Structures are given as structure tokens and as C-alpha cells.
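Structural characterization, general
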Amino acid sequence: KQWYLKKYGVDLGKKGKGAQKKDTKEAEEPEKKSRHVIFKLKAREAKQKLDPSVEEQFQSGRLLAAVSSRPGQCGRCDGYVLEGEELTFYKRKLEKKKKA
């Protein structure tokens, strides 16, 4: 979430226009950005496209993720956020589990 905000200038936790208000608020703050960085953010924002189901998860505050590190190897846990077909598969599994 923090990485996405820094990379694209869009806050994922806010709904619709709330994310845009955050951007205008940042412009008013004394945080200085060079002209080059401003143009780079505008170009990225034009290209950025997020899967609606992933965006919905960010707004709800819960993400489905998979752990990819092997257990017992070291004291950290690596993983990735589920998206696409994998996300729909696990969502269906969770719905079945809730019904049963």
C-alpha cells in the first residue's frame, strides 16, 4: 500500500474521489518534488491499472495472500498478493467454506 502510494501517487485505502483528495492534499504540503518526479508520477498514473477485485480488497482492509517461503528456513515469511484466476479460485473456496 505504501509502495503503491509512492510509486503511482494513488492511495489504495480510499474510495474513489477520496484517493484524489489525498493527492491534492499532498500537493499543498511542504513536501518538495522536482519537476522530473512530478512528470514521472503523472505518466505512471496515466498507465496504472489495478484489478477491481484487488482494489476491493484494499478498500475492505483485507488482502488474500499466499506464503511462498519454506517453513523453518529462516526467521521471516515471504509471500505475494493473490490476483487474477488464483484470487477467484480461493474466493470460491472461502465462500464454500462459509456456507458449509
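This one's a predicted model, so the numbers in the text were calculated from it and none came from an experiment. (Residues numbered from 1 in each chain as written. Predicted model: local features only at pLDDT ≥ 70, side-chain atom pairs only at ≥ 80, totals over all residues. Heavy atoms only, no water.)

To continue, consider the overall build of the protein chain. Helices and strands together make up the secondary structure of the protein chain, namely five helices and two strands. In sequence order, the protein chain lays out its α and β elements as α-α-α-α-β-β-α. In the protein chain, which comprises 100 residues, the proportion classed as buried is 16%. Once local pairs closer than 6 in sequence are excluded, the contacts in the protein chain between residues at least 24 apart make up 46%. Total accessible area on the protein chain is roughly 8,700 Å²; 53% of this is exposed by carbon and sulfur atoms. (Helix = DSSP H or I, 4+ residues; strand = E, 2+ residues; numbered from the N terminus. Buried < 20%, exposed > 50% of the residue type's maximum accessible area, 1.4 Å probe, protein only. Contact = heavy atoms within 4.5 Å. Areas by Shrake-Rupley, 256 points an atom, 1.4 Å probe, with all protein chains shown as cover.)

Buried together is how nonpolar side chains tend to be arranged in soluble globular proteins. With nine residues, the main nonpolar core is built from Tyr4, Tyr8, Val10, Leu12, Val54, Phe58, Ala66, Leu82 and Leu87. When neighbours within four sequence positions are excluded, phenylalanine 58 is seen to be in contact with Lys1, Leu12, Gly13 and Leu63. (Core = buried A, V, L, I, M, F, W, Y, C linked by side-chain atoms within 4.5 Å.)

Turning next to helix α4 (residues 52-60). Where α4 is concerned, the buried positions are Val54, Gln57 and Phe58. When α4 is viewed along its axis, its buried side chains cluster within an angular range of 100 degrees and face the same direction. Residues of α4 that are exposed and point over 90 degrees away from its buried face: Pro52 and Ser60. With its phi angle positive at about 90 degrees, glycine 61 sits one or two positions after the end of α4. (Arc of directions from axis to C-beta.)

Counting through the fold element by element, glutamate 83 comes out in the loop between β2 (79-81) and α5 (85-99). Judged by relative accessible area, glutamate 83 falls into the exposed class, the value being 52%. The sequence separation of glutamate 83 and alanine 65 amounts to 18 residues, and the corresponding C-alpha distance is 8.8 Å.

Below, the discussion takes up the environment of lysine 7. Structurally, lysine 7 is set in helix α1 (residues 2-8). Filtering out sequence-adjacent residues up to four positions away, lysine 7 remains in contact with Leu41 and Arg44.

Turning next to the confidence of the model for the protein chain. Chain-level pLDDT for the protein chain is 78 on average; 84% of the residues reach the 70-or-more range. Ranking the elements of the protein chain by mean pLDDT puts helix α2 (residues 17-28) last, at 52, and α5 first, at 91. (pLDDT = per-residue confidence, 0-100.)

Overall, the coordinates contain two salt bridges when judged by the stated rule. Of the charged contacts in the structure, one is a salt bridge between glutamate 56 and lysine 91, with a shortest N-O distance of 4.0 Å. On the criterion of sequence distance, the pair formed by glutamate 56 in helix α4 and lysine 91 in helix α5 is long-range, its members being 35 residues apart. The exposure class of lysine 91 is partly exposed, given its relative accessible area of 29%. Put simply, aspartate 78 and arginine 76 hold a salt bridge, and the shortest N to O gap is 3.2 Å. (Salt bridge = Lys/Arg side-chain N within 4 Å of Asp/Glu carboxyl O.)

Once that is clear, we can look at the side chain of glutamine 57. When you line up the elements, glutamine 57 lands in helix α4. When its relative accessible area of 6% is taken as the criterion, glutamine 57 is described as buried. A distance of 2.8 Å separates the side chain of glutamine 57 from the backbone nitrogen of leucine 64, its partner in a polar contact. Once you skip the residues sitting within four places of it in the chain, glutamine 57 turns out to touch Arg62, Leu63, Leu64, Leu87 and Lys91. (Polar contact = N/O pair within 3.5 Å; in protein donor to acceptor, adjacent residues only side chain to side chain.)

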